[in-house]
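The chain contents come next:
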Amino acid sequence: MSEKHQNPPEIDMSKPSIARVYSYFLGGKDHFRVDREMANHAEGAVAGVTDLVMGNRAFVQRAVGCMAEQGIRQFLDIGSGLPTDRNVHQIAHRTAPEARVVYVDNDPMVLAHARAFLADHGTTAAINEDLTTPRKILDAEGTRQLLDLNRPVGLVLGGVLHHLHDSEEPQRLTRELCDALVPGSHIAVSHFCRPDPEEHPADAERAERLERAFLEKLGTGRWRGHDEVLGAFCGWEMLPPGLVPLDEWRPSPVGSTGPGSYRMPTRNRRLIIGGVARKS
């Protein structure tokens, strides 16, 4: 049986799932009471967590659109989450209908929904792997069948690295992925940010409260400083405007309703940052 058609492991409804919690924040239906409790706990700690999740999705949409316009025709979306509207392949196909996308996640509900959603879609695949094992992602049957790693790849790490603990060495993991990609490849990263407490004390305190709430209920969630997040780009050339709050990364024109057009309220804009870089 190929990876594409393997049955995912049984879904655990006794503890919250990152993907299901995000689905709740995005107004989706794929969540359980334990996920809603986690989301409400975070919202109780700092109002406006939905801002971060929706801002992240909009950034990923703009970043993928940018990469497609730069000529990227194959994408590796790690920690893809539950399918929503305007997914990575849908954004890429607006520019290049032939673009190929491999979605990677270790959540059984994500895999079940993704495989149903992507059935008979010859330019996409969903594989069951984990960011903590980059080599397995790169060597997976679905990756090898759909992507040519001798050609540039758009690596998408949207809102996933902040769910790795420091002990899991997120910068080492991204380096292993980046080293496997050829020049011309791009990487898009978005990450919870802990602002400098001297420059933005109120935002830094909000980041600390949110991190504590995520760790208490979800067990993951790290708000890292700007320079820590910058390390995830492996020294590649940053595309303008660099690593910035998500709403400042190539925002859609005011009044736009297309992919990536969501604008975050001012209150939490400093708490999540992102950027895109190119390998020379």
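See the structure printed just above.
Parameters and conventions
- Residues numbered from 1 in each chain as written.
- Predicted model: local features only at pLDDT ≥ 70, side-chain atom pairs only at ≥ 80, totals over all residues.
- Heavy atoms only, no water.
- Axes fitted to C-alpha atoms, helices over the stretch in contact; angles between N-to-C directions.
- Helix = DSSP H or I, 4+ residues; strand = E, 2+ residues; numbered from the N terminus.
- Parallel < 35°, antiparallel > 145°, perpendicular 65-115°, else oblique.
- Left-handed = near helix turned anticlockwise from the far one by under 90°.
- Contact = heavy atoms within 4.5 Å.
- Buried < 20%, exposed > 50% of the residue type's maximum accessible area, 1.4 Å probe, protein only.
- Pairing = 2+ DSSP bridges.
- Right-handed = clockwise from strand over helix to strand, strands pointing away.
- Polar contact = N/O pair within 3.5 Å; in protein donor to acceptor, adjacent residues only side chain to side chain.
- Salt bridge = Lys/Arg side-chain N within 4 Å of Asp/Glu carboxyl O.
- Disulfide = S-S within 2.5 Å.

Chemist: So what's going on with the packing of helix α1 (residues 18–25) against helix α2 (residues 33–45)? Residues and values would help.
Modeler: As a packed pair, α1 and α2 sit with axes 9 Å apart at the nearest point and diverge in direction by 65 degrees. Between α1 and α2, the angle is such that the two are roughly perpendicular. Judged by the sense of rotation from one axis to the other, the crossing of α1 with α2 is right-handed. Residues Arg20, Val21, Tyr24 and Phe25 of α1 touch α2, and the partners they reach there are Val34, Asp35, Arg36, Met38, Ala39, Asn40 and Glu43.

Chemist: Please give an account of the pairing of strand β2 (residues 100–105) that cites residues and values.
Modeler: Within β2, 5 of the 6 residues are buried, leaving the element largely enclosed by the surrounding structure. Where strand β1 (residues 74–78) lies against β2, 5 bridges are found, and the strand directions are parallel. Paired with Leu76 across the two strands is Val102, which belongs to β2. This β-α-β element, β1 to helix α4 (residues 88–95) to β2, shows right-handed connectivity. Sheet analysis places β2 next to strand β3 (residues 124–128), joined by 5 bridges and oriented parallel. By the bridge assignment, Tyr103 is partnered in β3 with Ala126.

Chemist: Break down the side chain of Ser17 for me, with residues and values.
Modeler: Topologically, Ser17 is positioned in the segment before α1. Since its relative accessible area comes to 7%, Ser17 is described here as buried. There is a polar contact of 3.3 Å between the side chain of Ser17 and the backbone nitrogen of Ala19. In this structure Ser17 touches Asp35, Asp107 and Leu218, once residues within four positions along its chain are discounted.

Chemist: Which residues make up unusual backbone geometry, and what are the values?
Modeler: Looking along the chain, the bond that leaves Pro240 and enters Pro241 is cis, with omega of 10 degrees. Positive phi, close to 60 degrees, is recorded for Cys234, a residue that is not glycine. Along the chain, the position of Cys234 falls in the loop between α10 (226–230) and β6 (237–238). The phi torsion at Arg250 lies on the positive side, around 45 degrees, for a residue other than glycine.

Chemist: Tell me about the pattern of salt bridges, residues and numbers included.
Modeler: Opposite charge on two side chains allows them to pair when their charged atoms are near. The tally for this structure, following the rule as stated, stands at 16 salt bridges. Between Arg212 and Glu208 there is a salt bridge, with the nearest N and O atoms lying 3.8 Å from each other. Taken together, the positions of Arg212 and Glu208, both in helix α9 (residues 201–217) and 4 residues apart, correspond to about one turn of that helix. The class of Arg212 is partly exposed, set by a relative accessible area of 42%. Put simply, Asp166, Arg194, Glu211, Arg222 and Arg224 are held in one network by salt bridges that share partners.

Chemist: So what's going on with the state of the cysteines? Which residues, and what values?
Modeler: Tallied over the full model, the rule gives 0 disulfides. Its sulfur unpaired, Cys234 is 3.1 Å from the next cysteine sulfur, which belongs to Cys178. Residue Cys234 is classed as buried on the basis of its relative accessible area of 6%.

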